[in-house]
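# Report on the structure
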Amino acid sequence: MPNISRAEVAHLAKLAHLAVTDEELDVFAGQLDQILDSVAKVGEVAGEDIPPTSHAVPLTNVFREDVTQPGLTQQQALSGAPAAEEGRFRVPRILGEEQ
Amino acid sequence: MTAVADLMDYAEVIERFDPVLGLEVHTELNTKTKMFCSTPNVFGGEPNTHVCPTCLGLPGALPVLNGKAVESAIRIGLALNCEIAEWCRFARKNYFYPDMPKNFQTSQYDEPIAFNGYLDVTLDDGEVVRVEIERAHMEEDTGKSLHVGGATGRIHGADYSLLDYNRAGVPLIEIVTKPIVGTGDRAPMVARAYVNTLRDLLRALDVSDVRMDQGSLRCDANVSLMEKGAAQFGTRTETKNVNSLRSVERAVRYEMTRQAAVLAGGGTVIQETRHFQEADGTTSSGRIKETAEDYRYFPEPDLVPIAPSREWVEQLRTTLPEKPADRRKRIQTEWDLTAEELRDLFNAGAVELVEATVEAGAKPDEARGWWVNFLAQEANSREVELAELPITPAQVARVTVLVASGELTNKLAREVVKGVLAGEGEPDEVVEKRGLKVVSDDSALLAAVDEALAAQPDIADKIRGGKVQAAGAIVGAVMKATKGQADAKRVRELIIERVGA
């Protein structure tokens, strides 16, 4: 029983907006299965008392004072945009729904 | 042309079904800076003028959490009687939509900063309903999109879209209720009262502008119906874009009648988001709701966990305002109000304004009269919030003092207030400029009385004959002659004196 099914890979590809061919699905499903196997090995040595690590540094509560600093001008903000109009970033037609 | 949905009569809905509500309220915090960068957090402005590399999601930019926003989140949690997490993290909510240039929204997923609370909500009839709070979590607001082309300005049919990221990264707290059950026909009223109470609470905490019209307080209403006696909840819909208290009530009521008709017709309710149409009070179908795991949440690696010390939490608890229900009770007692007067006061959003007016020297009932009646109507006709009217509590208080001292009649006082609203200056300046002082000079009044009596000798005779009530006609004539600037009581005295009755 593989860790990840072909259908799950297809679903993930859809969520990531990746066009994946039928052949690629077979390849990726096999590769991802191997990766998940390797990750699962880590789980074998981690005991109940070891919490999962999400951060490499043992820090908490890193806060910033609520003091403003100037940001970018509109011109600077839009300078790297492929297209702009009326001071706004212009993006191609959106096919999804509003979040 | 769109099909008109079948609706069931509301009384029948209540007879056959039990409504279940879930309310999600988003409130933008009024911090000076955004959630993860030092860019100013202000409403509006020219597009893309309140942005920086971090909130634009430029490569290499890193977020740093606003400590004040965390403080506000904890205070909101405490005011909602929540537990405060000992340790929690942010998570990335991944989706494809250009309102977040990073392609994800930084939010909290399974570790909200506050959870398991409640808010006691007083309904118009005085009954208190306890609304259980599931969680309150921190996140960031998204940019605003403008859809160009197509017929409706909506996303469908648009040729392209324009993005303004001024709002992207503004600190946002999402407050989610547990399912609200057992409210029956009062479900729409409960929804409205909950949002209203929450708004008052957030205002008292001074953590948000809570302007529904500007989007700093937004409500999504989840509604489902279950057949009487059923053990399981029905399928819910989530109505978005509900931008006023009245709309909250209307949207819930509409969804109840729509879903009931669907279910009664043997159909099934589709789990989807729906858009509220302010114009006709209906909802229309939106997006089929994605399941939670489709957002592929994972812990935000760029922000370290938050572990609020218990000392800090307890210190913040001491900064909480009076609980809404206690406050209502106190105000009712202090100002000696009936339940109805109290309700009108709260519904008009006038409590703080009346309090400030009383503090500035007005009597409570007079201050209340101005804000709940005259000024509420003015605000209504201008379509602004009461607090936005260009008149201050101090100015209203000054007008009540002028009335109390006899320098203004009630009628003249309204003229003065209108003058202040029109930007003519302080009440005393308006009195001066418009010449609104009560004519208290008896000689001027006597001249007007004599003239009126001479013009209507038959009435003068009647008064002389003992029909004192006939003096009313003369009073009216004098008031007209003095353009309403006379004290009617004094005029009456002078008339009686003059005819020697």
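In case you missed it, the structure is sitting above this.
First, a word on what this report is: a plain description of the structure on this page. Predicted model, so just to flag it, every value in this text is computed and none were measured.

## Things to note about the nonpolar core
Residue and element names in this part refer to chain B. The biggest cluster of nonpolar side chains holds 76 residues, and the ones touching the most others in it are Ala73, Ile113, Ala136, Ala191, Tyr194 and Ala221. Ignoring any residue separated from it by four or fewer positions in sequence, one finds Ile113 in contact with Ala73, Ile74, Gly77, Ile84, Ala85, Cys88, Gln108, Ala136, His137, Met138 and Ile306. Core analysis: the next-biggest nonpolar cluster, separate from the first, contains 47 residues, Ala367, Trp370, Leu445 and Ala471 among them.

## Focus on the packing of helix H2 (residues 67–79) of chain B against helix H3 (residues 187–205) of chain B
Residues and elements named next belong to chain B. The geometry of H2 relative to H3 is characterised by a closest axis approach of 11 Å and an angle of 130 degrees between their N-to-C directions. The angle between H2 and H3 falls in the class oblique. Relative to H3, the crossing made by H2 is right-handed. Note on element contacts: H3 touches H2 through Leu201, Leu202 and Leu205, opposite Arg75, Ile76 and Ala79. Here the residues of the contact of H2 with H3 sort into 5 nonpolar, no polar and 1 charged.

## Considering helix H11 (residues 410–421) of chain B
Residue and element names in this part refer to chain B. With 12 residues, H11 ought to run about 16 Å at 1.5 Å a step, and its terminal C-alpha atoms sit 17 Å apart, in line with that. All of the buried residues along H11 are Leu412, Ala413, Val416, Val417, Gly419 and Val420. What you see down the axis of H11 is that its buried residues fit within an arc of 155 degrees, all on one side. Residues of H11 that are buried make contact with helix H9 (364–382), helix H10 (393–404) and helix H12 (427–434). Looking one or two residues beyond H11, the residue adopting positive phi is Gly423, at roughly 85 degrees.

## Some details on the interface of chain B and chain A
You'll often see interface size given as the accessible area lost when the parts meet. Taken together, the 45 residues of chain B in the interface contact 35 residues of chain A. Those elements giving two or more residues to the side of chain B that touches chain A turn out to be strand S2 (65–66), H2, strand S9 (160–164) and strand S14 (282–288) of chain B. Broken down by element, the side of chain B that touches chain A gets its largest block of residues, 5 residues, from S9 of chain B. Residues belonging to the side of chain B that touches chain A are distributed by class as follows: 24 nonpolar, 11 polar and 10 charged. Both strand S3 (residues 88–92) of chain A and S9 of chain B contribute to a ladder of 4 bridges, which runs antiparallel. Paired with Arg90 of chain A across the bridge in S9 of chain B is Leu162 of chain B.

## Here's the deal with helix H2 (residues 22–45) of chain A
Think of an α-helix as turning once every 3.6 residues; residues three or four places apart then point the same way. In this model, H2 of chain A (24 residues) spans 36 Å end to end at C-alpha, consistent with the 34 Å of a helix rising 1.5 Å per residue. Of all the 24 residues making up H2 of chain A, 0 are buried; the element is thus mostly uncovered.

## Observations regarding the packing of helix H13 (residues 442–455) of chain B against helix H16 (residues 488–499) of chain B
Residues and elements named next belong to chain B. Orientation of H13 relative to H16, taken along the N-to-C sense of each, is 60 degrees, at an axis distance of 10 Å. The angle between H13 and H16 places the two elements in the oblique class. The two elements H13 and H16 cross, and the hand of that crossing is right-handed. Along the contact surface, H13 presents Asp442, Leu445, Leu446, Val449, Asp450 and Leu453, while H16 presents Arg490, Val491, Leu494, Ile495, Arg498 and Val499. Class assignment for the residues of the contact of H13 with H16 results in 8 nonpolar, no polar and 4 charged.

## Structural notes on the pairing of strand S1 (residues 17–28) of chain B
Looking along a regular strand, one sees the side chains alternate between the two faces of the sheet. One ladder, built from 11 bridges, connects S1 of chain B with strand S11 (residues 217–227) of chain B; its direction is antiparallel. Counted as the bridge partner of Pro19 of chain B is Leu225 of chain B from S11 of chain B.

What counts and what doesn't
- Counting from 1, residues in each chain are numbered in the order their sequence is written.
- The order in which chains are written sets their letters, starting at A; the order in which ligands are written sets their numbers, starting at 1.
- The predicted origin of the model limits local features to residues at a pLDDT of at least 70 and limits the giving and counting of side-chain atom pairs to 80 or more, whereas totals for whole chains, interfaces and linings rest on all residues.
- Any set of buried Ala, Val, Leu, Ile, Met, Phe, Trp, Tyr and Cys residues joined through C-beta atoms within 7 Å is what this text calls a nonpolar core.
- Field definition: a residue is buried when 20 or more other C-beta atoms are found within 10 Å of its C-beta, exposed when 12 or fewer are, and partly exposed for counts in between, with C-beta atoms placed from the backbone.
- Contacts are defined on C-beta atoms placed from the backbone: any two residues whose C-beta positions lie within 7 Å are in contact.
- Note on geometry: axes are lines fitted to C-alpha atoms, helical ones only across the stretch in contact, with angles between N-to-C directions running from 0 to 180 degrees.
- In this description a helix means any DSSP run of H or I spanning at least four residues, a strand means any run of E spanning at least two, and both kinds are numbered starting from the N terminus.
- Relative orientations are named as follows: roughly parallel for angles under 35 degrees, roughly antiparallel for angles over 145 degrees, roughly perpendicular for angles from 65 to 115 degrees, and oblique for any other angle.
- By definition, turning the near helix anticlockwise from the far helix through less than a right angle yields a left-handed crossing, and turning it clockwise yields a right-handed one.
- Note on residue categories: nonpolar means Ala, Val, Leu, Ile, Met, Phe, Trp, Tyr, Cys or Pro, charged means Asp, Glu, Lys or Arg, and polar means any other residue, Gly included.
- Expected span of a helix, by definition, is 1.5 Å for each gap between consecutive residues, and there is one gap fewer than residues.
- The directions considered for the arc are those from the helix axis to the C-beta atoms.
- DSSP-based pairing: two strands are paired if at least 2 bridges between them are found.

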